[in-house]
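A structural walkthrough
Below are the chains, spelled out letter by letter.
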Amino acid sequence: MIKRFFVVFCLAVSSISAVNACDACGCTVSGLGIGLMTDYRSNFIRLSYFETRFNSNPEHGHHNSTDVFSRMDVSVRYSFARLPKLRFIGHLPYGRNRRNSNDTESTVHGFSDMKFLLNYTLLNGRTKNDKASFYVEAGGGLNLPTGKYDGDIADKNLPENFNIGNGSLGYIFQLNSVLSNDVLGLLINNNYQLNSEVEDGYHFGNQFSSQLTAFKELPIGNLGFIPNVGLLYEKIASDEYSNGNNVPETGGEGLFFSSALNFKTDEWLAGVSYSLPIDQHYSSGVIDAGRKLAFHFSYLF
């Protein structure tokens, strides 16, 4: 069984994840794995806030700009009584993107693309020596083009990636795994999103990220205190025009150090996480990319 888990572990590290493309750099607005290591066997209703910000000097630009991508997300996960290994996951996000440049602020806001997934539990048990438990789930779903999309957003002097929605159907694949004992654990969280073309032929780059997180649970009375640290890797393909040419100043990859604090009771889970870039390879216009902040509050049932 240990060998079996090791194989899954290797696949998880090499797998890919879903992120939101950005005009000049990777701007993943993701949960950064917060909470998953403690509620991966639970149903939940969750309210989350994700924010990514960066500074850039766009090509042919005369002023630096500060961009902030933020999402408020209501999500639910539910396992069926007759199919306990199968879990339904739904996301309803609301986005707000801001750009400050030359003392001028531009804002785009509205509902983003809804996501629906089904995950299946592949492994859920304990090692032979009964000292550690393991959990592996895989699944997939759809990113529906329900979000606000403006095909003429360039007329507002904003890049295509400032759109709240992608304007096209996306296909999502997930692979998540947790190895833990009573107080220590290791989480691998992976997602991949394959995007189709928008009606006018524009194609947002396919995106992936992978996160490795170590966590420890410390009981404080009836409260569980769970700090964690880890690494987050993201890679975003360049956007493409309808003629197949790459869009300038899109795509890239980065490696980030992430840390988080989670607090848990039998029914509630809350946490905050923050990540800083370690190594970045984005467009030449990026000055400071990818600082990520996330909050979440969940009801477990």
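Just above, that's the structure.
Residues numbered from 1 in each chain as written. Predicted model: local features only at pLDDT ≥ 70, side-chain atom pairs only at ≥ 80, totals over all residues. Heavy atoms only, no water.

1. A short note on the pairing of strand β9 (residues 207-216)
We apply this condition: Under the scheme applied here, a residue whose accessible area is under 20% of the maximum for its type counts as buried, over 50% as exposed, and between as partly exposed, the area being computed with a 1.4 Å probe on protein chains only. Under the DSSP-based scheme used, a helix requires at least four consecutive residues in state H or I and a strand at least two consecutive residues in state E, with every element numbered from the N terminus. Following DSSP output, two strands are said to pair if at least two bridges run between them.
Most of β9 is tucked away: seven of the 10 residues are buried. Two strands pair when backbone bridges link them, and strand β8 (residues 184-195) and β9 are joined in this way by 10 bridges, in the antiparallel orientation. When the bridges of β9 are listed, Asn-189 appears paired with Gln-211.

2. Concerning the environment of Pro-248
Turning to its location among the elements, Pro-248 is positioned in the loop between β11 (223-236) and β12 (252-264). With a relative accessible area of 48%, Pro-248 lands in the partly exposed category.

3. A closer look at the packing of aromatic side chains
Rules: For this analysis, a ring pair means two rings from Phe, Tyr or Trp (six-membered ring only for Trp) whose centres lie within 6.5 Å, classed as stacked if their planes differ by under 30 degrees, edge-to-face if by over 60, and tilted for the remaining angles.
Here the structure, examined in full by the defined rule, presents 15 aromatic pairs. Centre to centre, the rings of Tyr-202 and Tyr-241 are 6.2 Å apart; their planes meet at 80°, and the pair counts as edge-to-face. Placement of the pair is Tyr-202 in the loop between β8 and β9 and Tyr-241 in the loop between β11 and β12, with a sequence separation of 39 residues. Among the residues examined, Tyr-241 registers a relative accessible area of 38% and is labelled partly exposed.

4. A word on unusual backbone geometry
Positive phi values are uncommon outside glycine, yet Asp-130 reaches one of about 65°. Here Asp-130 falls in the partly exposed class, since its relative accessible area comes to 48%. Not every positive phi belongs to a glycine, and Asn-157 is a case in point at roughly 60°. Position of Asn-157 among the secondary structure elements: in the loop between β6 (133-143) and β7 (170-180).

5. Quick look at a negative patch on the surface
Heads up, the condition is: The patches described consist of residues with a relative accessible area above 30% and no salt bridge, like charges being joined within 9 Å and nonpolar side chains (Val, Leu, Ile, Met, Phe, Trp, Tyr) within 5 Å. For the accessible areas, the method is Shrake-Rupley and the probe is 1.4 Å, while residue cover comes only from the protein chains on display. The term salt bridge refers to a pairing of a side-chain nitrogen on Lys or Arg with a carboxyl oxygen on Asp or Glu at a separation within 4 Å. As used throughout, the charge tally considers Lys and Arg to be positive and Asp and Glu to be negative, leaving His and the chain termini uncounted. Where a charge lies is defined by one atom per residue type: Lys uses NZ, Arg uses CZ, Asp uses CG and Glu uses CD.
A cluster of acidic residues, Asp-152, Asp-155, Glu-199 and Asp-200, forms a negative patch at the surface. Here Asp-152 shows up in the loop between β6 and β7.

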